[in-house]
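Observations on the model geometry
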Amino acid sequence: MKIPTTVLKTLLLSCILFGVIQGSSSGRPSAPSFPGAIERQLNSIEGQIVRAAEAMPEDKFYFSPESLDLKGSEFKGVRTFAGQIKHLATDNFAIWSSITGDPLPDGIKDVNGPENIKTKAEIMKFLKESFALGHKAIETLTEKNAIDMLPFRGSKLPRLDLAFYALTHANEHYGQMVVYLRMCGIIPPASMPVK
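What comes next concerns the included structure. (Residues numbered from 1 in each chain as written. Predicted model: local features only at pLDDT ≥ 70, side-chain atom pairs only at ≥ 80, totals over all residues. Heavy atoms only, no water.)

Here the focus is the pattern of salt bridges. Within the structure shown, the criterion is met by five salt bridges. With its nearest N and O atoms 2.9 Å apart, the salt bridge here joins lysine 136 to aspartate 102. Highlighted residues: lysine 136 in helix H4 (residues 120–139) and aspartate 102 in the loop between helix H3 (81–100) and H4, separated in sequence by 34 residues. With a relative accessible area of 25%, aspartate 102 lands in the partly exposed category. Lysine 125 is the salt-bridge partner of glutamate 129, the closest N and O atoms lying 2.6 Å from each other. (Salt bridge = Lys/Arg side-chain N within 4 Å of Asp/Glu carboxyl O. Helix = DSSP H or I, 4+ residues; strand = E, 2+ residues; numbered from the N terminus. Buried < 20%, exposed > 50% of the residue type's maximum accessible area, 1.4 Å probe, protein only.)

Moving on, we get to the packing of helix H2 (residues 34–55) against H4. Look at H2 against H4: their axes get within 10 Å of each other, and the N-to-C directions meet at 175 degrees. If you check the angle between H2 and H4, you find them roughly antiparallel. Residue-level contacts link Pro35, Ile38, Glu39, Leu42, Asn43, Glu46, Ile49, Val50, Ala53 and Glu54 of H2 to Lys120, Met124, Leu127, Lys128, Phe131, Gly134, His135 and Ile138 of H4. When the residues that make up the contact of H2 with H4 are grouped by side-chain class, the tally is ten nonpolar, three polar and five charged. (Axes fitted to C-alpha atoms, helices over the stretch in contact; angles between N-to-C directions. Parallel < 35°, antiparallel > 145°, perpendicular 65-115°, else oblique. Contact = heavy atoms within 4.5 Å. Nonpolar A, V, L, I, M, F, W, Y, C, P; charged D, E, K, R; others polar.)

This brings us to H4. The terminal C-alpha atoms of H4, which comprises 20 residues, lie 29 Å apart, in line with the 28 Å expected from a rise of 1.5 Å per residue. Where H4 is concerned, the buried positions are Lys120, Ile123, Met124, Phe126, Leu127, Ser130, Phe131, Leu133, Gly134, His135, Ala137 and Ile138. Buried-residue contacts for H4 involve H2 and H3. (Expected span 1.5 Å × (residues − 1).)

Within the structure shown, the criterion is met by five aromatic pairs. Ring geometry for phenylalanine 81 versus tyrosine 180: centroids 6.5 Å apart, planes at 40 degrees, classification tilted. With phenylalanine 81 in helix H3 and tyrosine 180 in helix H5 (residues 159–183), the pair connects residues that are 99 residues apart, well separated along the chain. Given a relative accessible area of 0%, phenylalanine 81 falls into the buried group. (Phe/Tyr/Trp six-rings, centres within 6.5 Å; stacked < 30°, edge-to-face > 60°.)

Only one face of strand S1 (residues 149–152) is covered, namely the one carrying Leu150 and Phe152; the face carrying Met149 and Pro151 has none of its residues buried. The sheet contact formed by S1 and strand S2 (residues 155–158) spans four bridges and is antiparallel. Paired with leucine 150 across the bridge in S2 is leucine 157. (Pairing = 2+ DSSP bridges.)

Moving on to the nonpolar core. Membership of the largest hydrophobic core comes to 48 residues, with the highest contact counts inside it found for Ile49, Trp96 and Leu127. Breaking this core down by element, the ones donating at least two residues are H2, H3, H4, S1 and H5. The biggest single contributor to this core is H5, with twelve residues. Not counting the four nearest positions on each side in its chain, tryptophan 96 is found in contact with Leu42, Ser130, Leu133, Gly134, Ala137, Ile138, Ala163 and Ala166. (Core = buried A, V, L, I, M, F, W, Y, C linked by side-chain atoms within 4.5 Å.)

Everything listed is a geometric property; what it means functionally is a separate question.
So this is what it looks like as structure tokens:
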């Protein structure tokens, strides 16, 4: 996937401006930093995903809409809730390790994650470790290396593009997790009224 330089520069400027606005709205001065802008985005989606995953009870962790008899719906073969999380974490490892150079965890053979990780506790640990690698990768980003081309899945992508890909991919799966939670009658934590 090729992204024009103008689009990348616009996205980068948007992240930096968002960081400045966030810092000034909190009442404390904030000097914008390149990795800081991306870090705030990762912190946000990580928090939403982890809270959503923790909200799903263990007895429903393998829920899939395929198990419901919904007329006119095409859910055959979709991932379970646990499968969504394992896939997201696996892709986090694949994307962020392209930036850090870290090896992939043992057992990753495809985008669905290690087969030996099955319980909610194991999957949550795997998920949190994948986000930890994301934070490590973001620390390596600079204005000078952002457009360096890195190998990724048989192609080469800019370092910054990989970071944005990880963020958009995480947001996509968060949306699916929210739907699964609601299908199980659970209000996603981010939608809970503030007390």
